[in-house]
Amino acid sequence: MTAPATTQRALTMVVENGIAVLTFDAPGASVNTFTAAVQSELRETFDAIQRDPSIRATVFISGKRDNFIAGADIEAFLEFRTADDAERSSREGHAAFAAIADGKPIVCAINGGCLGGGTEFALACHWRIATDAPKTSMSLPEVQLGLIPGAGGTQRLPALVGLQAALDMILTAKNVRAKKALQLGLVDEMVHPSILRRVAIQRAAELADGSRRREARKHGAGELLLDENPIGRAIVFRKAREGVLAKTKGLYPAPLAALDAVAAGYSSDGDGYHTEARLFGELAMTPESQELVFLFFATTALKRDMGVEVDPLPKPLPIDKLGILGAGFMGAGIASVASPAGTIVRMKDADTTRIAKGLAAVRDVMRDKLVKKQITRTQFDDLMLAVSGTTDYTGFGNADLVIEAVFEDLQVKHQVLREIESVVPPRAIIASNTSTIPIARIASASARPERVLGMHFFSPVHKMPLLEIITHDGNDPQVVVSAVSYGRKLGKTVIVVRDGPGFFANRALSPYVNAAGLLLDEGVSIESIDEALVKFGFAVGPITLVDEVGLDVATKAGAIVSESFGARMAPNESLQRVIKAGRLGRKGKRGFYVYDDAGKKGGVDASVYELLPTGQRRATVPAARIVQRCVYAMLNESVLCLEDGILRSARDGDVGAVFGIGFPPFRGGPFRFIDREGAASVVSTLDELEREFPGRYQAAASLRAMAESGERFYPAAGKPV
Ligand code: NAI
């Protein structure tokens, strides 16, 4: 018997032989989220199911092609005014999912991404089936927003998969693919997408008639030993806490709160759900969470921004064939992200040895993916087959885009540009990966400068999320749109900036690194500089950073900006002296720190002090002052970039600083930081620094104006971008 379909806004129900199939397909949205409307629809529907004697069990399935449920509606988080508001919303989630867990049998049929609240929903169901489609994965990414799972995830997940596996998922926000989910016991079955619905209906019927029961958990013996007794669990919690503190340096409250919530679930006197809701509420009000939520919105907004203000917006040109000039560090890095994006890649370099080295570097990245089981052996072979090398321009005749990553030398760049233009089709786009040379200067040698722009990748390319696209006044908007669209296809967060010395990222970074160098000139120890900035939240300190990017690269970038901006960026002496002594940083295995043969960083190389202006004499500057001197230089420079039109918005600057130069994510970015501190307070600190270091900290005029008017870069409440 088939009952008529009951169509509601997001949920559609069809009842067949006593099994209700509930399809979630949020209208007009690419993914399903638990908005307030959907939540109330869900409650009503489940109430109706419980009351309807003809329904014995339910199948819950998504109507989207590649998405099951993306989780909570994050915009709703902006409505929380107090911790109580957020706590209440968590409790409502608890009540709704408890009703599901305590109700008639429900089978969760998962195809595509199942995130956050989606995973928590699945945990409340009685049987979970995942498809083996590559897009199917489950995760609890709440810590990335400075939160914890707030709809029972910290309680139901450990109960289902054991403490260690649960902590691993909750603390790292990792994606668990279907096969792994099956191993963990997170899902009960894995099937091909074509039979998902049929199998789910069958299981629902079996659960309803009692012919199938939930299977017992299957953990490894060692895991059980630790998980199942209080002493073992205490060890697991202690280790997890140590791991979190080592990773976050105590700067991120969410993972620690997650540990407390999970622990409360095991304690005899505590109520785990109560603790989870309380901590969720408290975390929602922390600046850390608010800034991480801001970054979520900012990166989401950027995905819709094509980088040009023209109407109508041109369509991006297809980019299927990519030519890369230079198979060096960056060229090979770009190839390693282009091939997985489905592009055919041709790399050119001066000789076969360099080509072979470049191909080997690409292979290393792919092998890493293979080892991590992100790709299969066949995919590995296919990805490698898509990348080839040449010492002449064969294969460039049909390139859609050519990215040059040859030596950082204008003459060389001009020469290759002319060569490229003589072989590629007229429609081809030509991009330079230069880190410092103004794009207009490079484009000046071109016969079609409107098709030449900058695509500044960061190293290592396969790990760094940012791509800075640099445009000059003569660019064809379609060229820009195409480059932006392709950058996104490569999985990058793309900001479009205007041409100028250092563009945005290197320009904002330069005075920061320079300030660290000036501290070295005064005799401040390498450790105390790096430690101060790491405690502020940077992943590595500025001196370590210089070692990482290479002293040659850093001093070259420093020279370009100091030439353009004068006294504000007048170089420090220490870096010059160290590079003159032939130390290049990690790549040369000698810099400010020592490196072993495998490139692993050790402690500070004490002998480097002999090269510095003060020798072995040490000076002390308080950590807070070290932070001010470095960070405020970066804040001011970021504002100047906005003032000069290098940046199109404060949002782009914040995203660029966090994803390109490692500004602490929980601080949102330079502009968010200024808003939180208040422009007046930032200007007053800059004025004070300027008195001590004349010419270096002159507050940007626009910032001073904001200090006077009380204006901000972002609205004080509501959706930030
Ligand atoms: P690299 O020295 O590792 O590679 C450059 C490659 O270009 C070499 O293999 C060289 O043989 C090749 N080459 C030189 N002239 C050539 C020509 N006429 N035809 C074909 N190949 C030629 O240098 P790296 O680090 O890859 O830098 C390349 C570009 O990327 C530079 O413009 C640099 O400023 C920029 N960049 C570098 C970053 C870094 O962290 N290393 C970051 C962002 C940009």
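For the structure, see preceding data.
Everything in this summary refers to the structure shown in the same document.

Each value, and the rule that gives it
- Residues numbered from 1 in each chain as written.
- Predicted model: local features only at pLDDT ≥ 70, side-chain atom pairs only at ≥ 80, totals over all residues.
- Heavy atoms only, no water.
- Helix = DSSP H or I, 4+ residues; strand = E, 2+ residues; numbered from the N terminus.
- Near = heavy atom within 4 Å.
- Polar contact = N/O pair within 3.5 Å; in protein donor to acceptor, adjacent residues only side chain to side chain.
- Areas by Shrake-Rupley, 256 points an atom, 1.4 Å probe, with all protein chains shown as cover.
- Nonpolar A, V, L, I, M, F, W, Y, C, P; charged D, E, K, R; others polar.
- Axes fitted to C-alpha atoms, helices over the stretch in contact; angles between N-to-C directions.
- Parallel < 35°, antiparallel > 145°, perpendicular 65-115°, else oblique.
- Contact = heavy atoms within 4.5 Å.
- Pairing = 2+ DSSP bridges.
- Buried < 20%, exposed > 50% of the residue type's maximum accessible area, 1.4 Å probe, protein only.
- Lys, Arg positive; Asp, Glu negative; His and termini not counted.
- Salt bridge = Lys/Arg side-chain N within 4 Å of Asp/Glu carboxyl O.

**Some points on unusual backbone geometry**
- The linkage connecting Asp-311 with the following residue, Pro-312, adopts the cis geometry, with an omega of 0°.
- Among the secondary structure elements, Pro-312 is positioned in the loop between helix H12 (287–302) and strand S14 (321–325).
- The omega angle of the peptide bond from Ser-459 to Pro-460 is -5°, so this bond is cis rather than trans.
- Structurally, Pro-460 is set in the loop between strand S19 (452–457) and strand S20 (466–471).
- Not every positive phi belongs to a glycine, and Phe-503 is a case in point at roughly 50°.
- For Phe-503, the position within the fold is in the loop between strand S21 (493–498) and helix H19 (505–522).

**Details of the site of the ligand**
- Not every one of the 21 residues close to the ligand is listed here, only the nearest: Met-330, Asp-349, Glu-408, Lys-413 and Ser-435.
- Residue Phe-329 places a main-chain N or O atom 3.0 Å away from an oxygen atom belonging to the ligand.
- In the environment of the ligand, an oxygen atom lies 2.8 Å from a nitrogen or oxygen atom belonging to the side chain of Arg-354.
- Bound to the protein, the ligand loses 83% of the 830 Å² it would expose on its own.
- At the level of secondary structure, the elements contributing two or more residues to the shell around the ligand comprise helix H13 (329–338), helix H16 (410–423) and S19.
- Per element, the largest residue contribution to the shell around the ligand is three residues, and it comes from H16.
- Across the shell around the ligand, the residue classes break down as nine nonpolar, seven polar and five charged.

**With respect to the packing of helix H21 (residues 542–549) against helix H22 (residues 551–565)**
- Where H21 contacts H22, the axes come no closer than 5 Å and their chain directions differ by 105°. One way to sum up the angle between H21 and H22 is to call them roughly perpendicular. Counting all contacts with H21, which are made through Val-546, Asp-547 and Val-549, the residues of H22 involved are Leu-551, Val-553 and Ala-554.
- Considering only residue class, the contact of H21 with H22 consists of five nonpolar, no polar and one charged.

**Quick notes on the pairing of strand S23 (residues 601–604)**
- Sheet topology places strand S22 (residues 593–595) next to S23; two bridges connect them, and they run antiparallel. By the bridge assignment for S23, Tyr-593 is matched with Val-604.
- Hairpin connection of S22 to S23: five residues between the antiparallel strands, including Gly-599 at a positive phi of 90°.

**Thoughts on the side chain of Asp-521**
- Secondary-structure assignment places Asp-521 in helix H19.
- Buried charge without a partner: Asp-521 forms no salt bridge, and the closest opposite charge is Arg-577, 6.6 Å away.
- Engagement of the side chain of Asp-521 in a polar contact is seen with the side chain of Ser-574, the distance being 2.4 Å.
- Those residues in contact with Asp-521 that lie beyond four places of it in its chain are Asn-572, Glu-573, Ser-574, Pro-613 and Thr-614.

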